[in-house]
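Listed here are the chains, written in short residue letters.
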Amino acid sequence: MELLSVVVPCYNEEEAVPIFYRETLKAIEPFKNELDIEFCFVDDGSKDGTLKSIKSLCDMDDRVHYVSFSRNFGKEAGLYAGLQAASGDYVATMDVDLQDPPSMLPEMYKIIKESADGEEYDCVATRRVTRKGEPPIRSFFARMFYKLINKMSDTEIVDGARDYRFMSRKMVDAILQDKEYNRFTKGIYSWVGFRTKWLEFENVERSVGETKWSFWKLFLYSIDGILAYSTMPLSIASVLGIGFCGVSFIGMLVVIIRALIFGDPVAGWPSLVTIIVFLGGIQLLCLGIMGLYISKTYLETKKRPIYIVRERR
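Residues numbered from 1 in each chain as written. Predicted model: local features only at pLDDT ≥ 70, side-chain atom pairs only at ≥ 80, totals over all residues. Heavy atoms only, no water.

Participant: Describe unusual backbone geometry, with residues and values.
Facilitator: The phi dihedral of Leu98 is positive, around 70°, even though this residue is not glycine. Its location among the elements puts Leu98 in the loop between strand E4 (90-93) and helix H4 (105-113). The backbone of Lys303 sits at a positive phi, close to 60°, despite the residue not being glycine. For Lys303, the position within the fold is in the loop between helix H10 (269-301) and strand E8 (309-312). (Helix = DSSP H or I, 4+ residues; strand = E, 2+ residues; numbered from the N terminus.)

Participant: Quick one: what's the story with the nonpolar core, residue by residue and with numbers?
Facilitator: If you look at the biggest cluster of nonpolar residues, it comprises 38 residues, and the most contacted ones within it are Phe20, Phe39, Phe41 and Phe166. Those residues in contact with Phe20 that lie beyond four places of it in its chain are Val6, Val8, Phe39, Phe41, Met94, Asp95, Val96 and Leu98. The next biggest cluster of nonpolar side chains, apart from the first, holds 25 residues, and it includes Ala77, Met167, Met171 and Ile306. (Core = buried A, V, L, I, M, F, W, Y, C linked by side-chain atoms within 4.5 Å. Buried < 20%, exposed > 50% of the residue type's maximum accessible area, 1.4 Å probe, protein only. Contact = heavy atoms within 4.5 Å.)

Participant: If you had to explain the pairing of strand E5 (residues 123-128) to someone new, which residues and values would you point to?
Facilitator: When you tally the buried positions in E5, you get 6 out of 6 residues, the bulk of the element. Residues Cys123, Ala125 and Arg127 of E5 are buried on one face, and the alternating residues Val124, Thr126 and Arg128, pointing to the opposite face, are buried as well. Pairing of E5 with strand E6 (residues 161-168) involves 4 bridges; the strand directions are antiparallel. Bridging across to E6, Ala125 finds its partner in Arg165. (Pairing = 2+ DSSP bridges.)

Participant: Describe in detail the packing of aromatic side chains, supporting the description with residues and values.
Facilitator: Across all of its chains, the model carries 10 aromatic pairs by this definition. Taken together, a centroid distance of 5.1 Å and an interplanar angle of 80° make the contact between Phe31 and Tyr109 edge-to-face. In this pair, Phe31 is assigned in the loop between helix H1 (16-27) and strand E2 (35-43) and Tyr109 in helix H4, connecting sequence segments 78 residues apart. Just as Phe31 is buried, Tyr109 falls in that class too. Aromatic side chains Phe39 and Phe41 sit 5.9 Å apart centroid to centroid with 10° between the ring planes, which places their arrangement in the stacked category. Residues Phe39 and Phe41 agree in their burial class; the two are buried. Ring pairs connect the aromatic residues Phe20, Tyr21, Phe39 and Phe41, which therefore count as one cluster. (Phe/Tyr/Trp six-rings, centres within 6.5 Å; stacked < 30°, edge-to-face > 60°.)

Participant: I'd like to hear about the pattern of salt bridges, residue by residue, with values.
Facilitator: Throughout the structure, instances matching the rule amount to 13 salt bridges. Residues Glu311 and Arg310 are paired through a salt bridge, measuring 3.0 Å at the closest nitrogen-oxygen approach. A relative accessible area of 58% means that Arg310 is categorised as exposed. Three or more residues joined by partner-sharing salt bridges are found here, namely Lys75, Asp95, Asp100, Arg162, Asp163 and Lys186. (Salt bridge = Lys/Arg side-chain N within 4 Å of Asp/Glu carboxyl O.)

Participant: Explain the environment of Pro101 to me, and be specific about the residues and the numbers.
Facilitator: Examined against the element boundaries, Pro101 turns out to sit in the loop between E4 and H4. Given a relative accessible area of 14%, Pro101 falls into the buried group. Distance in space between the C-alpha atoms of Pro101 and Phe20 is 9.5 Å, their sequence separation being 81 residues.

Participant: Outline helix H2 (residues 50-60), listing residues and values.
Facilitator: Among the residues making up H2, those that are buried are Thr50, Leu51, Ser53, Ile54, Leu57 and Cys58. What you see down the axis of H2 is that its buried residues fit within an arc of 160°, all on one side. Summarising the geometry of H2, the exposed residues directed more than 90 degrees from the buried face are Lys52, Asp59 and Met60. The inward-facing, buried residues of H2 contact strand E1 (2-10), H1, E2, strand E3 (64-69) and E8. (Arc of directions from axis to C-beta.)

See the structure below:
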């Protein structure tokens, strides 16, 4: 019998864990004779009773395992730890809040097990076609992020893509070969390749609790994604530098020629100060872009572990 490993990163999801467990078991019930299951929960340094809730499931079901971090390392580290812990022939990565509907698992298994559309797939991925329930400003910036990163990067990031995926063992092994510290899993999924079938679904509200992703955290996460899969910001900084050098040279010629021909002295110190401040801002922007890339390189060269385990079972 083949084994499906369900990888579930958790942070302060005490109430959601048992609900997720029950709904997932219910979803795979039709395949219980051909597909076994194991749960790989990753407690990302939760401050509530999440770990206790997971341990309760472990005590009553030996198919439930967990990895508990020494502190909060973030969702990317949680996904990586879960993939390392998973031993199944297939691996599904899901959110514990049921915004990734377990009811889709049978269809995903069927597609990856059998050829669909005349193709054999190593991954079945999901994307949201609506953002119902999200604040309009967050939805707007999310759409702009996907448009921007796909223009700047050779690695395609599908609009609305979720971390909800059903993958073959060989794709999971390929992902685990990427041991970079600054991780952006949506990009890694695309970068490793393999044939992927996309399933669309309507946005689903959380089962319980509130999202842990604030607008600011999502903004920083989007910057990480751009820096991880594009060097275009560096090119933009270079182009800006060259462009403003050209503009300043032309401006200098205009001032000299006007003074020689018309004898017009250079006047207007307020406009001069404005120009200096503007150019100073451009310089700081370019330095900031380079600084971000240098900081990411600095963190990579430290060779720190992606996560530290406090306990596991």
